[in-house]
Amino acid sequence: MTFVAADGAGPSIERGTRRIRMQQGVQIALLIVLLVLVAGPLLVLLCTSFSPEGKLPFETVDFSWANYVDLFAQSATIGLIWNTLKYAGGSVVLALLLAIGIAWLTERTDMPGRTVARVLMFSWMAIPPLVFGYGWILLINPSNGVINNFLKSLLGLDESPLTPYTMTSLILISGLGLTPTAFVMLSGLLRNMDPLLENAGLVLGASRRTVTQYITLPLLRPGILSVGMFLVMTMIQAFDLPLVIGLTAQIPVMSTRIYTLASPEVGGLPNYGLAAAFGIMLLVMATLLMWGYFRSIRISERFRVVSGKGFRPRRLELGLWRYVAAAAVALYFFIMLLPMLNLLWASLFPFYRVPTLAQLFSVSLEAYQNILEESVVRRALVNTVLLVLVSATTVIVLSLLVSWYSLRGEGRLGKWLDTLSFSPIAVPPIVMAIAILLLYLKTPLYASIGILMIGHITVYVAFGTRSMISALVQIDRELENAAIISGATWLTSLRRIIVPLLWPHIVNCWLWLVAHSARDLTFPLMLMSTTNLVGASVIWMVWDYPNLPGAAALSMLLVLGLMVLVVPVQIMTARRAEREI
Amino acid sequence: MIAVRDLAKSYATKHGNAGVNAVSGVSFTVAKGEFFTLLGPSGCGKSTTLQCIAGLETPDSGEIEMDGEIVFCSRRRLMVPANRRNIGMTFQSYAIWPHMTVFDNVAFPLVHSERARNDIDVRQRVMRTLDLVKLADYADRPSPHLSGGQQQRVALARALVHEPALLLLDEPLSNLDAKLRDAMRVELRQLVKTLGITTVFVTHDQLEALSMSDQIALMRAGRVVQLGPPRDVYLRPATAFAADFMGRSNLIPARVVASGAATEVETGFGILRCAPSRAAVGTQVHVVLRPQAIRPLPIRQAGPNVFEARIDALHFLGDAFEAQVRIGPVELRVMLDVYLEPGIGQSLWLELPADRCAVVEHTAEDDPDATTVAR
């Protein structure tokens, strides 16, 4: 589209081309913004990984393999990769087993309380992994863990039987925390499976068990496989739990290794070159997994058994077993809530006391009061609000525009925008964080809250764009054309037609972004300075100080804030889903 | 009012080939106040042509003139975008904005247009237009709470409220049920004729085209194959495709034995006199004959173009019998009076009036199997 007003064209034509110019101008601006956001940091990361030891990016143009030689010469590297894979694999297997079991119960049986279970699972994103980890440390630490104390007095032991600081504990805790994510991805799969396929088996005389073995499971296998791949990918990037548990346990994984290289203990010098090389390695691993994931999705598309709304899911009648099932699911949620209860307890006393009934009458909000009096904390709270509002809103605006161009735009530019905005999905946040650190190290942006915004916008724009495209694709193009024909400009048609029609979706997506931006620890910690502390990083700092009640109080405030955002939406969605079935 | 000259538009295919020609070499003019119809089967390029006139698609080449102003010209690289063209348009899906009331939908062109003027009374204009489409009582309704026919009227009101110079209608009746469609057909034509607004109408339904238009452009595979008033296009089809598309017709393969004013052809059942034609002697042609053009004779009459036929099958349609008859080796369809109680196997005499037998050239693309349709 290169038509412009030409010779002899009157003023009306001159004005008329504004729509095209505006549209193209915005598109080019968008392309530049995304290039700087996405490609810029990764390029600097690559350059840094190839620069000589001890040099910062932009300081040198020399090329050197030193960092990679270093990386592969270290015998620890093999152990590191092994740890990462063991950690990711173990927690994903646990999460999948639990999630498949619970999802089957909530979606395919008449278990009582299944709606509550579903809402709880979907609301779990309000609990940051960091907070979950601290809760477990309170529960099972060897010195005064509540469960350890209980077991010691019950069994008459001298030593604490449990500890969070082993690989097994790390895997168990991460697996438990990952289960809701796995559930969210799997429940739709189970719910939408056409029961006719199963009924056909039953009608043909097969037993329930044969049907499960030969029809249900094989049909679900590709879906479960692709969900598993996706989860492994998220877990090799996971940072929060390996940091709060794994570092004390001295079980480094790739993500925490990048962190310790870039922000060493007091006195050490950061080794950005080696951190960048690790980052590139993690990026390669994640990209390979992403490729495998998309391949497996394509395979599972072939097995698609989703057939729209034209059927009523067949629920298996469990009989009396349904109470057993409900009890088992309740036990799972009890285990999930224990650490949160322990944290809540810790936040109710100015000094941590091991929970007993007698103490229950001396609870107070003193810890909250004390911690909120700290100016650092107050500043962090303001920063958090700024960070989540700015990044979520910017991501929405960028995603809306990118999805418009990729669906409605003419020519290749739209597709480029689409690819560019989607590519960060393969970049682990920890890698993006180190890359952004390297790019902005020497700029005034480095110590500001702005750099956290940039980081969050970059990593979440992929989610935002996918989500917006899936919504925009359902809006008939004629609705927009009707506005243009009525004389509206492109911007007016976006503002008056597209945005209002997408509004419920935009709100949902915005809340997701706010929740994830608020709970993220990777960027706040990797890019931490005295002036850009936010909720997650200040909790980490206060815990480390150590001020346990303060950290617990802040955790509770963060969780409460997130729940206010997340839970109402989940309850509304669940109600709507119940009505539709 | 509008002139379209040598319009061409092609779409890139998935595999990155040269692309499919959606429209090529389309030219026509529409006089002021005329009701002009683009008619053709799906994929013939009629909608693409309309979108090009609207400015929603950019043609590859050609020129479009509107109200004396060039709005598109590939040679001068000039393109006036849709929102500057002063047109009204209704869409196949109606495209009523579901988040607005009926009033807000109709008021949109007055409020949010680039051309919006401050000196007009929006409320009065909208209500006047809603009155025109008999929806004044529905102004404050949320637009999803409307029936298909009402949505159609809202779309029409929205297209007319800003008094555009040109009205474009993209298959406006195709989503209505049959009864409503019949009523709307009459109403729509009356409305635009009273307003005197120039209208370009796209449809695949020949009945709509015949009953509503002043001019029809019959399109096929991206080209205009015949252009003229409805009666002409129906009675004097230029090609076998035109004949077939405009309604049921008998296509009799034949060879020309005499040309000019007294055209005669040789068919499977003998020599047939036809309407004057310029087809050269010896060429293979089709004779087009509508079923209702054939005159059944009560008794045998001698004369040219009278043949004996035998009834093979009968379909009772209510107001007539549609009979499948055979003259020698040639099968024909003919309409018979329901009160005559014809029977299968009966013989009867048919007159094929010469002035109703149109000769059309036989072309390769008339073979139904060889038809390629651009999409």
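Residue positions are given per chain, counting from 1 as you read along its sequence in written order. Written order decides the labels, with chains lettered from A and ligands numbered from 1. Local features in this predicted model are restricted to residues of pLDDT 70 or higher, and side-chain atom pairs are both shown and tallied only at a pLDDT of 80 or more, whereas totals for entire chains, interfaces and linings draw on every residue. Computation of side-chain values covers all heavy atoms of the structure but excludes hydrogens and water.

Q: Quick rundown of the overall build of chain A? Include the residues and the values.
A: For helices the rule is a DSSP run of H or I covering at least 4 residues; for strands it is a run of E covering at least 2, with both sets numbered from the N terminus onward. Summing up its helical and strand segments, chain A has 24 helices and zero strands in all. The buried label goes to any residue with under 20% of its type's maximum accessible area, the exposed label to any with over 50%, and the partly exposed label to all in between, with areas taken from a 1.4 Å probe on protein chains only. Counting every position in chain A, which comprises 581 residues, the buried fraction comes to 52%. Only heavy atoms enter the contact rule, under which two residues are in contact if any of them lie within 4.5 Å. Put simply, 77% of the contacts in chain A that link residues at least 6 apart link residues at least 24 apart. Each accessible area is a Shrake-Rupley result for a 1.4 Å probe, and residues are judged covered by the shown protein chains and nothing else. Accessible surface for chain A amounts to roughly 26500 Å². Of this, 67% is attributable to carbon and sulfur atoms.

Q: Explain the side chain of B:R125 to me, using residue names and the numbers behind them.
A: Residue and element names in this part refer to chain B. Counting through the fold element by element, R125 comes out in helix α3 (residues 122-132). Charge counting follows a simple rule: Lys and Arg are positive, Asp and Glu are negative, and His as well as the terminal groups are ignored. Throughout this description, the term salt bridge denotes a Lys or Arg side-chain nitrogen within 4 Å of a carboxyl oxygen of Asp or Glu. Among buried charged residues, R125 stands out as having no salt bridge; its nearest opposite-charge side chain is E163, 4.0 Å away. For R125, the contacting residues outside a window of four places in its chain are L110, I120, V161, H162 and E163.

Q: Pulling in residues and values, what's your account of the sheet that holds strand β5 (residues 69-73) of chain B?
A: All names here are of chain B. Each pair of strands is called paired provided DSSP finds at least two bridges between the two strands. Pairing is antiparallel across the open sheet formed by five strands, whose spatial order is β2-β1-β4-β5-β6. Of all strands in the sheet, those with a lone pairing partner are β2 (20-30) and β6 (78-79), marking the two edges. Bridge count between strand β4 (residues 61-66) and β5: four bridges; the pairing is antiparallel. From the neighbouring strand, M66 faces β5, where its bridge partner is E69. The strands touched by helix α1 (residues 46-54) are β1 (2-11), β2 and β4; relative to β2, the strand with the most contacts, the crossing angle is about 65°. Under this scheme, a helix contributes an axis fitted over its contacting stretch, all axes are lines through C-alpha atoms, and angles between N-to-C directions fall in the 0 to 180 degree range.

Q: Lay out the packing of aromatic side chains in plain terms, naming residues and giving numbers.
A: All names here are of chain A. The aromatic pairing rule takes the rings of Phe, Tyr and Trp, using the six-membered ring of Trp, and pairs them if the centres are within 6.5 Å, calling planes under 30 degrees apart stacked, those over 60 edge-to-face and the rest tilted. Applying the stated criterion to the full structure yields 22 aromatic pairs over all chains. Ring centres of Y460 and W512 lie 6.1 Å apart, and the angle between their planes is 90°; on these two criteria the pair is classed as edge-to-face. Note that Y460 is positioned in helix α19 (residues 449-472) and W512 in helix α21 (residues 490-519), a separation of 52 residues in sequence. According to the relative accessible area criterion, W512 is partly exposed, its value standing at 23%.

Q: Before we move on, can you summarise the pattern of salt bridges with the specific residues and values?
A: Residue and element names in this part refer to chain B. Summed over all chains, the structure comprises 22 salt bridges over all chains. Between E187 and R153 there is a salt bridge; the shortest N-O distance is 3.0 Å. With E187 in helix α5 (residues 178-195) and R153 in helix α4 (residues 148-160), this pair connects stretches of sequence that are 34 residues apart. We classify R153 as buried; its relative accessible area is 16%. Linked by salt bridges that have partners in common, R310, D312, R326 and E331 make up one network.

Q: Can you lay out a nonpolar patch on the surface for me, pointing to particular residues and giving the numbers?
A: In this scheme, patches are assembled from residues that exceed 30% relative accessible area and form no salt bridge. Like charges are connected within 9 Å, while nonpolar side chains (Val, Leu, Ile, Met, Phe, Trp, Tyr) are connected within 5 Å. The grouping of A:V382, A:V385, A:L386, A:L389 and A:V390 at the surface amounts to a nonpolar patch, some 380 Å² of accessible area in total. Within the secondary structure, A:V390 is located in helix α16 (residues 375-408).

Q: Any details on the confidence of the model for chain A? Residues and values, ideally.
A: Residues and elements named next belong to chain A. Looking at chain A, pLDDT values average 84 and 89% of them are 70 or higher. Looking at any residue, its pLDDT shows the predictor's confidence there, from 0 to 100. Below a pLDDT of 50 lies the segment residues 1-16, which in the model reaches 34 contacts outside its immediate sequence neighbourhood of four places, other chains included. Counting contacts from residues 304-310, a segment whose pLDDT is below 50, to residues more than four positions away or on other chains yields nine contacts.

Q: Any details on the pairing of β4(B)? Residues and values, ideally.
A: Residue and element names in this part refer to chain B. Of the strand pairs in this sheet, β1 and β4 are connected by five bridges, and their pairing is antiparallel. Within the sheet, the bridge partner assigned to V4 lies in β4 and is I64. With antiparallel pairing between neighbouring strands as the criterion, β4 and β5 make up a hairpin whose turn holds two residues, including D67 at a positive phi of roughly 55°.

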